[in-house]
Amino acid sequence: MSVKLTTRQVGDVTVVDAVGRITLGEGASTFRDSVRDLVASGHKKLLLNLAEISYIDSSGIGELVSGFTTVANQGGTVKLLNLTKRVQDLLQITKLYTVFEVFDDEAKAVRSFA
Amino acid sequence: MADHESAQAHTLDLVLESCLESVDGAEEAILQEAKQLGFDEDDLHKIGIAVRECMVNAVVHGNRYNARKKVQVKVSRTNDRIAIIIADEGGGFDPASVPDPLANENLLRFSGRGVMLMRAFMDEFSVSPREPKGTEVRMVKYKPSSKC
């Protein structure tokens, strides 16, 4: 299974619910295209809900970083929500915990964009 | 390769095409070997990531998807560990040439984290040139009960 992304609006924050795997190939490209489409259509406060992401490889990590910089370059912000233990471990190993704001409470995460 | 290992029969010996399907195939086949050794789910995930990263390097950066070049995968296992060798036919690879992905100036780079993940998730990791050309990566994971 690749990754499936669905979006919902909570105030002015776009919550992206991601399900599946973000790995080199279809998963990574789907993720990249979706983030770029969201930014192009004016969505600049993105909260990525990764609760249902079962697997991320280094390409997937690269896409998270790329999404972060793409949105930041447009004056927006990407934050992460509900990381699994495995994704948490990956972000710690790669020191990306120092880059991303990470939340385990959606309401709190949404409020943080204000 | 260590002498004691070269004397063992490999439990898995694959020659794979230089395509992304081979990445999934190698990961799946090696995880089957690791499961038979009794690794837990966390270790299986770590082995899977390490294999995936190594295979991507071999297919994408080593063989550059060249259909004439193959990726060789060998797995041997004993009661306490699994040893994995992944070799490509590319132009060679020096892991020291990869910028430190943990340096502040590199944190936002798109790529360059694969080797670090392999080192982090496996107990042994080594890279050596392959004759007549290419790169051979050897990774070992020990079962928790056999670690010091």
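Note that the structure is predicted; figures quoted are calculated from it, not measured. (Residues numbered from 1 in each chain as written. Chains lettered and ligands numbered in written order. Predicted model: local features only at pLDDT ≥ 70, side-chain atom pairs only at ≥ 80, totals over all residues.)

1. So, the overall build of chain B
Scanning chain B for helices and strands turns up four helices and five strands. Each helix and strand of chain B, placed in order from N terminus to C terminus, yields the pattern α-β-α-α-β-β-α-β-β. Its C-alpha atoms give chain B a radius of gyration of 15 Å, near enough to 15 Å, the size a compact globule of 148 residues would have. When the backbone C-alpha atoms are referred to their principal axes, chain B occupies close to 40 × 40 × 30 Å. Within the span of chain B, comprising 148 residues, buried residues form 35% of the whole. When contacts within chain B are restricted to residue pairs at least 6 apart in sequence, those whose partners lie at least 24 apart make up 65%. (Helix = DSSP H or I, 4+ residues; strand = E, 2+ residues; numbered from the N terminus. Rg over C-alpha atoms; globule rule 2.2 N^0.38 Å. Buried ≥ 20, exposed ≤ 12 C-beta atoms within 10 Å, placed from the backbone. Contact = placed C-beta atoms within 7 Å.)

2. A word on the interface of chain B and chain A
Where interface size is given, it is often the accessible area lost as the parts come together that is meant. Listed by partner, the interface residues are 16 residues for chain B and 15 residues for chain A. Take the side of chain B that touches chain A: its biggest share by element is five residues, from helix α3 (residues 41-62) of chain B. The residue makeup of the side of chain B that touches chain A, split by class, is ten nonpolar, three polar and three charged. (Nonpolar A, V, L, I, M, F, W, Y, C, P; charged D, E, K, R; others polar.)

3. What about unusual backbone geometry?
In this structure, B:Pro132 follows B:Glu131 across a cis peptide bond, with omega equal to 5°. The residue B:Pro132 is located in the loop between β4 (124-129) and β5 (135-142) in this model. Backbone geometry places A:Lys95, a non-glycine residue, at a positive phi of 65°. The residue A:Lys95 is located in the loop between α3 (85-93) and β5 (102-103) in this model. A tally of 16 C-beta atoms within 10 Å means that A:Lys95 is categorised as partly exposed. At B:Arg64, a position not held by glycine, the phi torsion is positive, near 50°.

4. Quick word on the packing of α3(B) against helix α4 (residues 114-121) of chain B
Residues and elements named next belong to chain B. Where α3 meets α4, the axes come as close as 9 Å, and the angle between the chain directions of the two elements is 145°. In this structure, α3 crosses over α4, and the sense of that crossing is left-handed. Of α4, the residues touching α3 (which contributes Lys 46, Ile 49, Ala 50, Glu 53, Cys 54, Val 56 and Asn 57) are Gly 114, Leu 117, Met 118 and Phe 121. Partitioning the contact of α3 with α4 into residue classes produces seven nonpolar, two polar and two charged. (Axes fitted to C-alpha atoms, helices over the stretch in contact; angles between N-to-C directions. Left-handed = near helix turned anticlockwise from the far one by under 90°.)

5. Some words on the sheet that holds strand β1 (residues 3-10) of chain A
Residue and element names in this part refer to chain A. Spatial ordering of the open sheet is given by β1-β2-β3-β4-β5, a layout of five strands whose pairing is mixed. Strands with a single pairing partner mark the edges of an open sheet, and in this sheet they are β1 and β5. As judged from the five bridges shared by strand β3 (residues 45-56) and strand β4 (residues 77-81), these two strands associate in the parallel manner. Within β4, the position partnered with Lys 45 by the bridge is Thr 77. (Pairing = 2+ DSSP bridges.)

6. Details of α3(A)
Residue and element names in this part refer to chain A. Those residues of α3 that fall on the buried side of the exposure criterion are Val 87, Leu 90 and Leu 91. Taken end-on, α3 shows its buried residues confined to a sector of 95°, consistent with a single buried face. For α3, the exposed residues lying more than 90 degrees away from the buried face are Lys 85 and Gln 92. Buried residues in α3 make contact with β3 and α2 (58-73). (Arc of directions from axis to C-beta.)

7. Re the nonpolar core
Counting 63 residues, the largest nonpolar core has A:Leu48, B:Ala50, B:Cys54, B:Met55, B:Ile84 and B:Ile86 as the members making the most contacts within it. Those residues in contact with B:Met55 that lie beyond four places of it in its chain are B:Ser22, B:Val23, B:Ala26, B:Glu27, B:Val71 and B:Ile86. (Core = buried A, V, L, I, M, F, W, Y, C linked by C-beta atoms within 7 Å.)

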